[in-house]
Amino acid sequence: MNKLSGKTALVTGSSRGIGRATAIALAREGALVAVHYARNQQAAQETVELIEKDGGRAFSLGAELGVPGDIDQLFRGLEAGLKQHTGQTTLDILVNNAAETSTGTAPEEVSAEEFDKTFAVNVKAPFFITQRALGLIPDGGRVINISSGLTRVANPAQSVYSMTKGALEQLTLHLARHLAPRGITVNSVLPGITDNGNAFFKIPEVREQMSELSAFKRIGEPDEVADAIVFLATDEARWITGAALDATGGSLLG
Ligand code: NDP
């Protein structure tokens, strides 16, 4: 018996990278997965096809986050898809994964626009997605926020991005207490450097430098982070809430 049979899940930003791996891994455990994307419909469709080829169930929905009307658009697509596939709009598992990832800007050079955009996508959107999803999540549900190991180390070039992830971890903490009476767990997962397919990861010198950060001396793969996320979604993690799970491959061990 699969661990998530009969469950439904939304993974924001699952057209590629860690989100795609998470969608595939949740579906492999039996969940019906809503594959969300911003612009890359084709990539989201590929995620759906990979899941279906594997014998799983999924549908895609597009909604750019951080723009007016984003939450309404996302929930229109989500509720329509859930209804079509299950006859209901119950959402058991919410994974807030989509993020604006900074390319690295020194604090002196961060513009107000970049600051606002990063907070809008990485903090405001997950907050209001979660708020809206709480009407669909039953007792015993799961909220999993994807943070970053960068909340534990100083990296001035990524100060704004790291601040957004710190805020997301705060959301995890407060919601964990707030939702415990309903048996809903809320946790953060902190990935380290993970090869999301970006061209950047194909540059040998970059790979070598990044590999040094992990205690295992290599770059993480999306499915390695996805497995940690799936664990938190299962019943086996029912006693874990408000946690920040280090999925950095030992990058924070010093
Ligand atoms: P990717 O950059 O590979 O993918 C980002 C996903 O988010 C895509 O599906 C993209 O959709 C979606 N997305 C981006 N911006 C928006 C937006 N404005 N509105 C809606 N969707 C959006 O991400 P990763 O796999 O690298 O990262 C996944 C998570 O893990 C993020 O939260 C990231 O901060 C975190 N993380 C990643 C690390 C890494 O090394 N990869 C390290 C630490 C944390 P589309 O393609 O359709 O535009």
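Values in this document were obtained by computation on a predicted structure and should not be read as measured data.

## Topic: the packing of aromatic side chains
All told, the structure shown has three aromatic pairs when counted by the stated rule. Between phenylalanine 127 and phenylalanine 128 the ring centres are 4.9 Å apart and the planes differ by 70°, which places this aromatic pair in the edge-to-face class. Measuring from centroid to centroid gives 5.4 Å for phenylalanine 200 and phenylalanine 201, while their planes differ by 80°, and the two rings are edge-to-face.

## Quick look at the sheet that holds strand β5 (residues 142–146)
The strands that make up a sheet pair up through hydrogen bonds in the backbone, lying either parallel or antiparallel. Read from one edge to the other, the open sheet built from seven strands follows the order β3-β2-β1-β4-β5-β6-β7, with strand pairing classed as parallel. Every interior strand has two partners, whereas the edge strands, β3 (57–62) and β7 (244–247), have only one. Taken over all neighbouring pairs, the strand axes of this sheet differ in orientation by 20° on average, direction set aside. Lying on the sheet, helix α2 (residues 41–53) is in contact with β2 (32–37) and β3; it crosses β3 at an angle near 170°. The sheet contacts of helix α3 (residues 70–86) involve β1 (8–11), β2 and β3, and relative to β3 the element is tilted by about 155°.

## Description of the nonpolar core
Among the nonpolar cores identified, the biggest contains 32 residues, and Leu26, Val33, Val35, Val95, Ile144, Val189 and Ile229 are the most heavily contacted of them. Contributions of two or more residues to this core are made by β1, α1 (17–28), β2, α2, β4 (93–96), β5 and α7 (222–233). Contact partners of valine 35, with chain neighbours within four places excluded, come to Val11, Ser14, Ser15, Ala23, Ala44, Thr47, Val48, Ile51, Ala58, Phe59, Ser60 and Leu61. Counting residues in each nonpolar core, the second largest holds 29 residues, with Ile129, Ala133, Leu134 and Ala176 among its members.

## What about the side chain of threonine 47?
Relative to the elements of secondary structure, threonine 47 occurs in helix α2. In terms of polar contacts, threonine 47 uses its side chain to reach the backbone carbonyl oxygen of serine 15, at 3.5 Å. Those residues within four positions of threonine 47 in sequence are excluded, and the remaining contacts are Ser14, Ser15, Arg20, Ala23 and Val35.

## Structural notes on the site of the ligand
Close to the ligand lie 29 residues, the nearest being Ser15, Arg16, Asn97, Tyr161 and Asn196. Asparagine 40 places a main-chain nitrogen or oxygen 2.9 Å from an oxygen atom of the ligand. Within the backbone of asparagine 97, a nitrogen or oxygen atom sits 2.7 Å from an oxygen atom of the ligand. Summarising the interface, the protein chains cover 94% of the accessible area of the ligand, which totals 900 Å² for the free molecule. Here the shell around the ligand is built from residues that sort into 12 nonpolar, 13 polar and four charged.

Cut-off values and rules
- Residues numbered from 1 in each chain as written.
- Predicted model: local features only at pLDDT ≥ 70, side-chain atom pairs only at ≥ 80, totals over all residues.
- Heavy atoms only, no water.
- Phe/Tyr/Trp six-rings, centres within 6.5 Å; stacked < 30°, edge-to-face > 60°.
- Pairing = 2+ DSSP bridges.
- Helix = DSSP H or I, 4+ residues; strand = E, 2+ residues; numbered from the N terminus.
- Axes fitted to C-alpha atoms, helices over the stretch in contact; angles between N-to-C directions.
- Contact = heavy atoms within 4.5 Å.
- Core = buried A, V, L, I, M, F, W, Y, C linked by side-chain atoms within 4.5 Å.
- Buried < 20%, exposed > 50% of the residue type's maximum accessible area, 1.4 Å probe, protein only.
- Polar contact = N/O pair within 3.5 Å; in protein donor to acceptor, adjacent residues only side chain to side chain.
- Near = heavy atom within 4 Å.
- Areas by Shrake-Rupley, 256 points an atom, 1.4 Å probe, with all protein chains shown as cover.
- Nonpolar A, V, L, I, M, F, W, Y, C, P; charged D, E, K, R; others polar.

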